[in-house]
Every structure is written in structure tokens, then in C-alpha cells.
Number of protein chains: 2
Amino acid sequence: MGASSSTRDRILEASLGLFNADGPASVSTHRIAAEVGISPGNLHYHFRSKPLIVERLFIRFETQLQSSVDASMSVMAIDDLWLTLHLTFETVDAYRFVFRDIDQVMRGCPGLEERVKALTARCLAASKASCASLATAGVLSASESAVEMLAVQFVFGITCWYSFNRLMPRPSAHYGEAARGAYYCLSLLEPHVVGEARDYLNYLRAKYLR
Amino acid sequence: MGASSSTRDRILEASLGLFNADGPASVSTHRIAAEVGISPGNLHYHFRSKPLIVERLFIRFETQLQSSVDASMSVMAIDDLWLTLHLTFETVDAYRFVFRDIDQVMRGCPGLEERVKALTARCLAASKASCASLATAGVLSASESAVEMLAVQFVFGITCWYSFNRLMPRPSAHYGEAARGAYYCLSLLEPHVVGEARDYLNYLRAKYLR
DNA sequence: GTCTATATGCGGATAGAC
DNA sequence: GTCTATCCGCATATAGAC
């Protein structure tokens, strides 16, 4: 299980990098093998088909996103939320091919469609919980329907921000991708935030919006 | 030019339908030809390569979206905005493959990347203008930075709403797709809207949010 | 303009030696 | 586990007859 699982992992790692760069559909198994430095035959020994690679990567992503998002449910202050949002966006960034090329992913692995939707639904629930939590803590002044709306906007940001980002002026920016995504979500709170939490928001704006 | 351009148009129309359904990358020229009822060879007589079909469809989309979006710049009331948003989302819906499969589109037609970004930028400018216009008209109470943020959220919605929608519970819904997208954007105004415009928002909410 | 037939290449996947 | 060699199928695109 030593060298074997190592090769397996290298395949997954290389695939992740290539998928993130070009999308799963545009990455051939030959190219993955070349990237890893093994033969196409060997690759098929470890993964009998390409969708199995995608599926395995998705499972990793699913787990990681779930725990990022779970952490957000109990936030009591706006900088807690900032932290968990940052974590979440880093996860989405690390596996950005999943949401960006969601159609390719689903087409290749039909079984994944339901799981993606379920994952999205859990993100929505967690987002709602975190917003509601902030409202209870007095950080936000928002009606129930406003909280609902905020949660949808959060999930929209989490799932689609990177796609959107590519269409905007500053396209594939430098290091702060995750931070800028997280900042976008956080700034959605702006109309509802009360008290000194507002200062924190302004501090972040100066840093990430420009 | 009679029968000729008719076949050309039928090719474009069929391609649009198939692209919207499955994405350009998953639609072969054979399938387009079969859909139109002509031979693959004939299709290549009219369009020497598949990217040329994509490009032609994009140009149509570009023109149509531009005029939808231009119309929004001069809105003075919230129901004017509703109308133009609806129009905009109908256009995006009619050519939904463009933004949904933007990576495939750009990969196949490298020259389109800049034009997509330019189009997005013009959408942003128009959105900003329309929000600013509403603020001036007293429909919105929003600071300059809030208007900026709203405009970004609008463009985010216009470009990515349909992708997001597929991840959510009620996936590929029935007829009201464009209306629900437009409603999403409009409801982003909620925190800033003042006076009787709020009633209109509530009226729409009862209709589209459920 | 439209067809049939075909060239060409690539990507996924397998067989069998080492 | 890893390789080389190969098969198969599909998609783009072309050639040439009608």
C-alpha cells in the first residue's frame, strides 16, 4: 500500500491541478499520465475510468467543504464569520473545477448530481444558521426574510463567485482570490450590520476592495 | 441567398437549442446536422468549423443583451427596472449556454474572451447607472458604495443566476425561469428601497418567491 | 447547395509482457 | 505496479459526385 497509494495520490493531485486549470472535459487521461510521469496504461490500473478520478476528487471536496461550512453555523461575531468564509472560499478555490465546470462534472458522473445539490442545500442551511446567529447576537438587524435572502446570496457567492470573477475586469488575480470572494460575501451584510461591526467591515473594504 | 441563408439560420437555431441543452462541447456537428435534417458535409459548407457557429450565436447574444441592458440605464421607477431586468434575463435565458458554459465557449473561440469581458463590463456600467438613477429618483436610499455593490450583485445575477439555479432545490423549473432570475435581482434592492416602492416588491415576492 | 464517402486524429480503455 | 502496443469509437473536417 506504500508506493501504490502514493501513485494514486499523485494521480489525484495532478488531476486536480489540471482540472482546475482547464476543466475535466479538456484534460485527457494521457495528459494526466504525462503530468504524473507514468504511462496511460498505468493510470488506468489505478483508476479504471476518468469519471472515477473526478468522483474521488469530488468526495474530498465534499468533505472539506462540509466541515468549512459547518464551522460557520455557530459564529457569534462578524470576524468569526470572516474567518469561516475565508476557509470556505479557500476550499472552493482549491477544488474550483467542481462548481465552475459543474455541468461537465455532472455529465461525466451522473450519480454526483444529487450529491452536489444536497451539498448546496447543506451550505444554504448553514448560511442561514450563521446569519440567524448573527442576528440573534445583535450584530445584524435583519428580518427573517432578509436572513433568508442573505443566505441565498452567500451560497450563490460560494458556488459561483469564481465563475463570475473570470468575467470581471480584474480576471485571474494574484494571491487573494479566496479573500476577495469571502469579502464579497461579507460585504453583503453591509446594509444590515449595526454597531461597531460596521467598522470591521470598513476595515476589510479598505483592504480588499480597490 | 434565399434557401441558402434559410439553411444557415436553421443551423444556428438548432445549434442554439442543442447548446442550451447540453453545452457546445457535448454537441457534435453530426448531431446538429441530424437535428436540422441535413448532412454533416452540408453543415460544413455553411460553417467551416464549429467555433464559427458558436461565434455567430455569441454575436447575436451580444447584440441582444446590449440592447436589453441599455434600456435599463434610464429607469426612473422600480417597475421600469423590473421590466428591463425581465427582458435581460429572457435574453440570457435564450442564450443561456453562453454564460453557463463560458469556459467551453472561450476555449473554443479564444477571440471571444475579451468580448465577453467587455460585455460584462458594459452590463456593470449599465447596472450602476440604473441603480444610481433610482437613487436619484428617490426610490432607493443608498450610498455611492452601496450602489456600486448593488451593480456588482446585479451583474453577478445576470451572468451566473442560471448556473446557480441548477444547484438549488427547484432545479430546471418550468416557464418562469427568467421571471425568477429577475425577481432575485430586484429583491436585492430590498434593504435600500423606500416609500411605496416597497409595496411593489412585496407584491412580486408573493408572486415569485415560494 | 446538398449529398456520400472518407481521411485524419484523438481520447478512453484493454491486453499482455516485464 | 508499471510498461508498450493496440483496439475501438467518435468528432472534425475534406473530397468529389450530383
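Residues numbered from 1 in each chain as written. Chains lettered and ligands numbered in written order. Predicted model: local features only at pLDDT ≥ 70, side-chain atom pairs only at ≥ 80, totals over all residues. Heavy atoms only, no water.

A. Summary view of the overall build of chain A. Counting secondary structure elements, chain A contains 11 helices and zero strands. Reading the helices (α) and strands (β) of chain A from amino to carboxyl end gives α-α-α-α-α-α-α-α-α-α-α. For chain A, the C-alpha atoms occupy an extent of roughly 60 × 35 × 30 Å along the three principal directions. Going through the 210 residues of chain A one by one, you find that 53% of them count as buried. For chain A, contacts bridging at least 24 residues in sequence account for 72% of all contacts bridging at least 6. (Helix = DSSP H or I, 4+ residues; strand = E, 2+ residues; numbered from the N terminus. Buried < 20%, exposed > 50% of the residue type's maximum accessible area, 1.4 Å probe, protein only. Contact = heavy atoms within 4.5 Å.)

B. Region of interest: the pattern of salt bridges. For the structure shown, the criterion picks out 17 salt bridges over all chains. Salt bridges here are not isolated pairs; linked through shared partners, they connect A:Asp22, A:Arg31 and B:Arg107. (Salt bridge = Lys/Arg side-chain N within 4 Å of Asp/Glu carboxyl O.)

C. Molecular detail of the relation of the copies chain B and chain A. Of the transformation superimposing chain B on chain A, the axial component is 0.0 Å and the angular component is 180°, with the fit at an RMSD of 0.1 Å. The transformation relating the two chain copies, once decomposed into turn and shift, fits a two-fold axis. The residues that chain B uses at the interface reappear at the interface of chain A in 100% of cases, marking a shared surface. (Least-squares fit on C-alpha atoms with pLDDT ≥ 70 in both.)

D. Spatial organisation of the environment of A:Phe154. All names here are of chain A. By the secondary structure assignment, Phe 154 is in helix α9 (residues 144–165). Of the residues examined, Phe 154 reaches a relative accessible area of 1% and is grouped as buried. Taking C-alpha positions, Phe 154 is 9.3 Å from Leu 85, a pair spaced 69 residues apart along the chain. With residues near it in sequence (within four places) discarded, Phe 154 still touches Leu 81, Leu 85, Ser 127, Cys 131, Cys 185, Leu 188 and Leu 189.

E. Looking closely at helix α5 (residues 78–94) of chain A. With 17 residues, α5(A) extends 24 Å between its outermost C-alpha atoms, agreeing within 8% with the 24 Å of an ideal straight helix rising 1.5 Å per residue. Those residues of α5(A) not exposed but buried are A:Ile78, A:Leu81, A:Trp82, A:Thr84, A:Leu85, A:His86, A:Thr88, A:Phe89, A:Thr91, A:Val92 and A:Asp93. (Expected span 1.5 Å × (residues − 1).)

F. Here's a closer look at the environment of B:Leu12. Residue and element names in this part refer to chain B. Examined against the element boundaries, Leu 12 turns out to sit in helix α1 (residues 2–22). On the basis of relative accessible area, Leu 12 is assigned to the buried category, the value being 1%. Residues Leu 12 and Asp 199, 187 residues apart in the sequence, show an inter-C-alpha distance of 43 Å.

G. Structural view of the interface of chain B and chain A. Contact residues are listed per partner, giving 34 residues for chain B and 35 residues for chain A. Carbon and sulfur atoms supply 67% of the area that chain B and chain A bury against each other, a total of about 3100 Å² over both sides. When the buried surface of chain B facing chain A is broken down by residue, B:Phe156, B:Phe164 and B:Leu167 rank first, second and third, together holding 23% of it. At the junction of chain B and chain A, the tally comes to one salt bridge. The partner of B:Arg107 in a salt bridge is A:Asp22, and the shortest N-O contact between them spans 3.9 Å. Our count for the contact surface shared by chain B and chain A stands at six residue pairs in polar contact (both at pLDDT 80 or more). Only α7 (102–108), α8 (112–136), α9 (144–165) and α10 (177–187) of chain B provide two or more residues apiece to the side of chain B that touches chain A. With 11 residues, α9(B) is the largest single contributor of residues to the side of chain B that touches chain A. Across the side of chain B that touches chain A, the residue classes tally to 18 nonpolar, nine polar and seven charged. (Buried area = accessible area lost by both parts, 1.4 Å probe. Polar contact = N/O pair within 3.5 Å; in protein donor to acceptor, adjacent residues only side chain to side chain. Nonpolar A, V, L, I, M, F, W, Y, C, P; charged D, E, K, R; others polar.)

H. Inspection of the domain arrangement of chain A at higher detail. All names here are of chain A. In terms of domains, chain A is made up of domain 1 (1–48) and domain 2 (57–207). Distance between the C-alpha centres of domain 1 and domain 2: 30 Å. Each partner contributes to the interface: domain 1 provides 12 residues, whereas domain 2 provides 11 residues. Contact with domain 2 buries area across many residues of domain 1, yet Leu 12, Leu 16 and Asn 20 alone supply 57% of it, more than any other trio. Connecting domain 1 to domain 2 are one salt bridge. For Arg 60, the salt bridge identified is with Asp 9, shortest N-O distance 3.2 Å. At the junction of domain 1 and domain 2, the tally comes to seven residue pairs in polar contact (both at pLDDT 80 or more). Each residue belonging to the side of domain 1 that touches domain 2 can be placed in one class, and the counts come to six nonpolar, four polar and two charged. (Domains from an automatic or database assignment.)

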